[in-house]
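Per-entry structural report
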Amino acid sequence: MTQSPAVRTTGRSGPVRIGERAARTLVTELARINDPKVALLVGASPESAVLAAAIEALLPGDRLTVVPAESSGVTVLREHVTAQGRWVADRVQVIDSLAEAEAAAVVIAGEAFTGTAEETRGAIEALVKHLADGAVLSVATTATPGRTTGAAAELARQDALYGVGADLVLRNSPPVRIYRLRFTPASPAAADRLAPAHRPSSVPLTRGMHIDSNGVAAAGITLGLAALARVARPSSKLWLLPALAAGPVAAFFRDPQRDVPEDPAAVVASADGQVLSVQRLHDERFGDGEWLRIAVFLSVLDVHVNRAPVAGKVVDYFVADGGFVNAMKPDAEHNVAAYTVLDTSRGTVVVAQRTGLIARRIVQRAPIGALLAKGERFGLIRFGSRTDVYLPADAAEPLVGPGDKVVGGSTVIARWR
């Protein structure tokens, strides 16, 4: 990928095109860090969508170091950067080889990994040397169905060991999977300086409204059932039932954009819905001391995308078995629930995603080690359900009460003292 053989990632078939959507996903970590930072892009050409996305993500205090791809000369790339204007030229430096690069907060592989597992392992080892403490390496590989081999298999292995986020980008030719790897621990306080990450799984309908990928899949299934019913019984109107259901099913998975309060003392709602209870209790699973728990019921008409109530680092995730009682009833306390434990600069915070009478599936997309910004999407619950936010009781003051309506990512439900 660079002029150094040690970082070669492409196989005999040559490089895979990374389009605009995949490029934006690759530079997510660069785009979400609000502090001044140094980033390293390895394998870029003047035509690279990744280079364009990285330049677009730069803030005034940022610096971007670029290593040319094998197919691109240093001089040509430098001329391209200069042509972007003074603002870009002052912040982007093109170097001859990876050996000249300094440690960076984000390292981005500008070309998809398509080589053998051994080549991929060697390329990653070469790139890891240029990661600062707690930094993230963003890489891509082709998303091939069925058995994975070569680069795809090696990156899946690396993701199991060091992954802090992965995204499948279907709107690329061919589709690619983006991995974000962190090889050294990051401080929970670093999450306070992050913006919510871009999620390509959320399909845009308008500027302010998206549909989660689960909704696209569910709507596709209902339309498929309608097509099968039409073929099987052409004289019947039964096919209209699943066809007409596709719209409401997709709407259930709507994912609107939200304005997250900038107040560092604000704790926001993890989901849309109605506050069921605000109470102080003890739960030894999360540590000693008293907890302030704010429970919110989500009806089938509410947005079911879940968001982080505070900025923090995911340090644990576990699922507790139970039943499927109506989420509004007290017995829902013992329903199946998924617990995401966050380490924050104010202490431990826990979000519980609880199933309900209809809800039977919980989606949690934040692996252990991931940093979540306040208001960032991290999962969803399918159909009516409940979310609970646990805060250290002596450190937080509730601002809502039973019966209040809240909006996930926007409504302030508590404040840090």
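Everything that follows concerns the structure shown earlier in this document.
One structure accompanies this document, and this report is about it. Here the structure is a predicted model, which means the values were calculated and not measured.

**Quick word on the overall build of the chain**
Within the chain, the regular secondary structure consists of nine helices and 24 strands. The globule rule puts the C-alpha radius of gyration for 417 residues at 22 Å, and the 23 Å found for the chain is close to it. Taken along the three principal axes of its C-alpha coordinates, the chain extends 65 × 65 × 40 Å. Every one of the 417 residues in the chain was classed for burial, and the buried ones make up 53%. Partitioning the intrachain contacts of the chain with sequence separation of at least 6 by distance along the chain shows that 74% fall at a separation of at least 24. If you sum the accessible surface of the chain, you get close to 18500 Å²; carbon and sulfur atoms cover 54% of it.

**Details of helix 9 (residues 240-252)**
Owing to its 3.6 residues per turn, the α-helix aligns residues three or four sequence positions apart on the same side. With 13 residues, helix 9 ought to run about 18 Å at 1.5 Å a step, and its terminal C-alpha atoms sit 19 Å apart, in line with that. Taken residue by residue, helix 9 has Pro242, Ala246, Val249, Ala250 and Phe252 as its buried positions.

**Considering the sheet that holds strand 9 (residues 209-212)**
Across a sheet, strands are paired by hydrogen bonds formed along the backbone, either parallel or antiparallel in direction. The three strands are arranged 8-9-10 in an open sheet whose pairing can be described as antiparallel. The open sheet has two free edges, formed respectively by strand 8 (202-204) and strand 10 (254-256), since each of these has just one partner strand. Neighbour-to-neighbour, the strand axes of this sheet turn through a mean angle of 40 degrees, independent of strand direction. Strand direction decides the pairing type here: strand 9 and strand 10, joined by three bridges, are antiparallel. Considered in strand 10, the bridge of Met209 is made with Pro256. Helix-sheet contacts for helix 8 (residues 213-232) involve strand 8 and strand 9, and the interaxial angle to strand 9 is about 65 degrees.

**With respect to the environment of Leu26**
Structurally, Leu26 can be placed in helix 1 (residues 20-26). Placed 339 residues apart in sequence, Leu26 and Arg365 show a C-alpha to C-alpha distance of 17 Å. What Leu26 contacts, discounting residues up to four positions off in sequence, is Ile18, Val50, Ile108, Ala109, Ser138, Val139, Ala140 and Ile178.

**Here we look at the packing of helix 8 against helix 9**
Their axes nearest at 8 Å, the elements helix 8 and helix 9 cross at an angle of 175 degrees. By the angle between their axes, helix 8 is roughly antiparallel relative to helix 9. Between helix 8 and helix 9, the contacting residues are Gly215, Ala218, Ala219, Thr222, Leu223, Leu225 and Ala226 on the first element and Pro242, Ala243, Ala246, Val249 and Ala250 on the second. Grouping the amino acids of the contact of helix 8 with helix 9 by side-chain chemistry returns 10 nonpolar, two polar and no charged.

**Points about a nonpolar patch on the surface**
Residues Ile221, Leu225 and Leu228 make up a contiguous nonpolar surface patch of roughly 320 Å² in combined accessible area. By the element assignment, Leu225 lies in helix 8. The exposure class assigned to Leu225 is partly exposed, which follows from its relative accessible area of 47%.

**As for the packing of aromatic side chains**
Tallied over the entire structure, the rule returns seven aromatic pairs. Centroid distance Phe286 to Phe318: 6.4 Å. Interplanar angle 40 degrees. Geometry classified as tilted. Taken together, the residues Phe286 in the loop between strand 12 (273-282) and strand 13 (290-298) and Phe318 in strand 15 (residues 312-320) connect sequence positions 32 residues apart. Among the residues examined, Phe318 registers a relative accessible area of 23% and is labelled partly exposed. Taking the centre distance of 5.1 Å and the plane angle of 65 degrees together, the rings of Phe286 and Tyr390 count as edge-to-face. Taken together, the residues Phe286 in the loop between strand 12 and strand 13 and Tyr390 in strand 21 (residues 385-392) connect sequence positions 104 residues apart. We classify Tyr390 as buried; its relative accessible area is 0%.

Criteria and thresholds
Residues numbered from 1 in each chain as written. Predicted model: local features only at pLDDT ≥ 70, side-chain atom pairs only at ≥ 80, totals over all residues. Heavy atoms only, no water. Helix = DSSP H or I, 4+ residues; strand = E, 2+ residues; numbered from the N terminus. Rg over C-alpha atoms; globule rule 2.2 N^0.38 Å. Buried < 20%, exposed > 50% of the residue type's maximum accessible area, 1.4 Å probe, protein only. Contact = heavy atoms within 4.5 Å. Areas by Shrake-Rupley, 256 points an atom, 1.4 Å probe, with all protein chains shown as cover. Expected span 1.5 Å × (residues − 1). Pairing = 2+ DSSP bridges. Axes fitted to C-alpha atoms, helices over the stretch in contact; angles between N-to-C directions. Parallel < 35°, antiparallel > 145°, perpendicular 65-115°, else oblique. Nonpolar A, V, L, I, M, F, W, Y, C, P; charged D, E, K, R; others polar. Patch = residues over 30% accessible without salt bridge, like charges linked within 9 Å, V, L, I, M, F, W, Y side chains within 5 Å. Salt bridge = Lys/Arg side-chain N within 4 Å of Asp/Glu carboxyl O. Phe/Tyr/Trp six-rings, centres within 6.5 Å; stacked < 30°, edge-to-face > 60°.

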